[in-house]
Amino acid sequence: MAPTSDAPLALEITKAEGVYLYDTAGKSYMDLISGIAVSNVGHCNPAVVKAVKDQVDNYMHLMVYGEYIQSPQVKLAQALVKSTGTDTLNQVYFTNSGTEAVEGAMKLAKRYTGRTEFISCFNAYHGASQGALSIAGDENFKNAFRPLLPDIQHIHHGCIGNLKKITKRTAAVVIEIVAGEAGVKTATKAYFQALRKRCDEMGTLLIVDEIQSGFGRTGTFWSFQAMEIVPDILLTAKGMGGGMPIGAFMANEEVMKTLSFEPVLGHITTFGGHPVSCAASLATLNYIVDENLMDQIPAKSALFHSLLAHPIIKEVRGIGFMLAVEMKDFKTVKAVIDECIQNGLITDWFLFCDNSLRIAPPLTITEEEIKIACNILLQAMNKVYAL
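Residues numbered from 1 in each chain as written. Predicted model: local features only at pLDDT ≥ 70, side-chain atom pairs only at ≥ 80, totals over all residues. Heavy atoms only, no water.

As recorded in an unreviewed UniProt entry, the protein goes by Aspartate aminotransferase family protein and comes from Aquirufa novilacunae. The UniProt entry for the protein carries the following comment under Cofactor (unreviewed entry): "pyridoxal 5'-phosphate". Check the Sequence similarities (unreviewed entry) section of the UniProt entry for the protein; it says "Belongs to the class-III pyridoxal-phosphate-dependent aminotransferase family." (UniProt positions renumbered as here; feature names shortened; annotations may be inferred.)

**Q** Mind laying out the packing of helix 3 (residues 71-84) against helix 9 (residues 275-290), listing which residues take part and the relevant values?
**A** One can describe the packing of helix 3 onto helix 9 by two numbers: an axis separation of 8 Å at closest approach and a directional angle of 35 degrees. Relative to helix 9, helix 3 is oriented so that their crossing is left-handed. On helix 9, the residues touching P72, Q73, K75, L76, A79 and L80 of helix 3 are P275, C278, A279, S281, L282 and L285. (Axes fitted to C-alpha atoms, helices over the stretch in contact; angles between N-to-C directions. Helix = DSSP H or I, 4+ residues; strand = E, 2+ residues; numbered from the N terminus. Left-handed = near helix turned anticlockwise from the far one by under 90°. Contact = heavy atoms within 4.5 Å.)

**Q** Describe the pattern of salt bridges, with residues and values.
**A** Scanning the entire structure with this criterion turns up 17 salt bridges. For E262, the salt bridge goes to R111, with nearest N and O atoms at 3.8 Å. Pair noted here: E262 is in the loop between helix 8 (253-256) and helix 9 and R111 is in helix 4 (residues 98-113), with a separation of 151 residues, a long-range link. Taking the relative accessible area as the measure of exposure, E262 reaches 66% and is therefore exposed. Here the salt bridges share partners, and the residues they tie into one network are K314, E315, R317 and E326. (Salt bridge = Lys/Arg side-chain N within 4 Å of Asp/Glu carboxyl O. Buried < 20%, exposed > 50% of the residue type's maximum accessible area, 1.4 Å probe, protein only.)

**Q** An account of the sheet that holds strand 1 (residues 13-17) is requested, with residue identities and associated values reported.
**A** The sheet built from 4 strands is open, its strands ordered 1-2-3-15 with mixed pairing. Single-partner strands in this sheet number two, and they are strand 1 and strand 15 (345-346). Pairing of strand 3 (residues 28-31) with strand 15, which is carried by 2 bridges, proceeds in the parallel orientation. Bridge pairing links M30 to L345 in strand 15. (Pairing = 2+ DSSP bridges.)

**Q** So what about the nonpolar core? Which residues, and what values?
**A** L80, F94 and L308 are the most contacted members of the largest nonpolar core, which has 119 residues in total. Tallying contributions element by element places helix 12 (residues 367-386) first for this core, with 9 residues. Those residues in contact with L308 that sit more than four places away from it in its chain are I313, V316, V325, I359, C374, L377 and L378. (Core = buried A, V, L, I, M, F, W, Y, C linked by side-chain atoms within 4.5 Å.)

**Q** Now, about helix 2 (residues 46-58): what can you tell me, with residues and values included?
**A** If you check helix 2, its first and last C-alpha atoms are 19 Å apart, about what 13 residues at 1.5 Å a residue would give, namely 18 Å. Among all positions in helix 2, only V48, A51, V52 and Q55 are buried. End-on, the buried residues of helix 2 take up no more than an arc of 100 degrees, which puts them together on one face. Projecting away from the buried face of helix 2 at angles above 90 degrees are the exposed residues P46, K50, K53 and D57. Those residues of helix 2 that are buried lie in contact with helix 3 and helix 9. Sitting at the amino-terminal end of helix 2 is N45, which places a side-chain oxygen 2.9 Å from the backbone nitrogen of A47. (Expected span 1.5 Å × (residues − 1). Arc of directions from axis to C-beta. Polar contact = N/O pair within 3.5 Å; in protein donor to acceptor, adjacent residues only side chain to side chain.)

**Q** Account for the side chain of S277, naming residues and giving values.
**A** Summarising the element assignment, S277 is placed in helix 9. Judged by its relative accessible area of 3%, S277 falls in the buried class. Ignoring any residue separated from it by four or fewer positions in sequence, one finds S277 in contact with M244, P245 and I246.

**Q** Residues and numbers for the environment of Y385, please.
**A** By the element assignment, Y385 lies in helix 12. Put simply, Y385 and T236 are 149 residues apart on the chain and 39 Å apart in space, counted from C-alpha to C-alpha. Filtering out sequence-adjacent residues up to four positions away, Y385 remains in contact with H310, P311 and I312.

**Q** Before we move on, could you go through the sheet that holds strand 17 (residues 353-359) and cite the residues and values that matter?
**A** Strand order in the open sheet formed by 4 strands is 13-14-17-16, and the pairing between neighbours is antiparallel. Strand pairing shows two members of the sheet lacking a second neighbour, strand 13 (315-319) and strand 16 (348-350), which therefore form its edges. Sheet twist, expressed as the mean angle between neighbouring strand axes with direction ignored, is 35 degrees. The strands touched by helix 11 (residues 330-342) are strand 16 and strand 17; relative to strand 17, the strand with the most contacts, the crossing angle is about 30 degrees.

**Q** Please provide a residue-by-residue account of the packing of aromatic side chains, values included.
**A** One pass over the full model with this rule turns up 12 aromatic pairs. Consider the rings of F221 and W222, whose centres lie 5.3 Å apart with planes at 75 degrees: the pair is edge-to-face. The same class applies to F221 and to W222, which are both buried. Between the aromatic rings of F304 and F321, the centroid separation amounts to 6.1 Å while the plane-to-plane angle is 85 degrees, which identifies the pairing as edge-to-face. In this pair, F304 sits in helix 10 (residues 293-307) while F321 sits in the loop between strand 13 and strand 14 (322-326), placing the two residues 17 residues apart along the sequence. Classification of F321 as buried rests on a relative accessible area of 0%. Grouped by ring-pair contacts, the aromatic residues Y65, Y93, F94 and F249 constitute a single cluster. (Phe/Tyr/Trp six-rings, centres within 6.5 Å; stacked < 30°, edge-to-face > 60°.)

Now the structure itself:
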């Protein structure tokens, strides 16, 4: 296995179910980060597992994306379009991951507008491939890989004054409603409506990245819905697959069709929209809706807020099940994380906000499990605070 850091967790997991992971010795770990906002309906959700097994019995890969009619793709696309509650986000292009969704959306924005400039936010993360990395908002994270794409500008998330940087040169603005790797930073409805208005005035596409926040994580199916705006292009992945790899970008027919000519096959993928992943995703979507998981999130999120009170905590912020617990520095956060792992609880920090601890549990977590998790967190903080 190629390394990605010099200090991996190196836990060997043999089983996962619900909010728990189990190692080779049978020790359980509560997964308070859902594999980084992936297992929204819990690990090995029975409905998702059944959908995967049923689809495997029928067929797996058949042909590159878009050439054959594959029922799992069609049904999922219909459900995704319906989930947005709009008439404009009416076509779906399936990918393998969030990064690939970003790449496809960037190509689409260039092709449709004929422009090359992209604007994203400082401290934003949109993926690790070279196009997606180009719009990342942290210089230290990408300097080793230059030269990257030119014509990239950055704005401060939530700053209305910065919106004047969007001009008629700008192909698209790529933004999260909830800035995940910046440490779960949110902005006002007024900001997003001003952003929508500025993009309309400049003929600029608004790309909303819901790779972390989508599929119910913030209490609405898509976080843009709470801001009463509609993006031109919507990105999703992570929690979309119920544990299977899949992503997508969505747009209206007029925009999306530009990838099909001059040149033909302007964007293509071999495994994007894999039928097994699509079956898993549809089961995930239906489970979230049918079990009313989003209705439960405000109260469960409030429970985290109420229980996490400690001298070591500077702030608990976020929306729904995208939460950050801020402490004084990374050393403190890392010590708490390490202590939690020893006591059977997995959490993490953020790429561009390492003084904050991540809380992003499966939407299926119960109130009792939240109390157990918070008790472990507080015990870990007590130990670190006493040092």
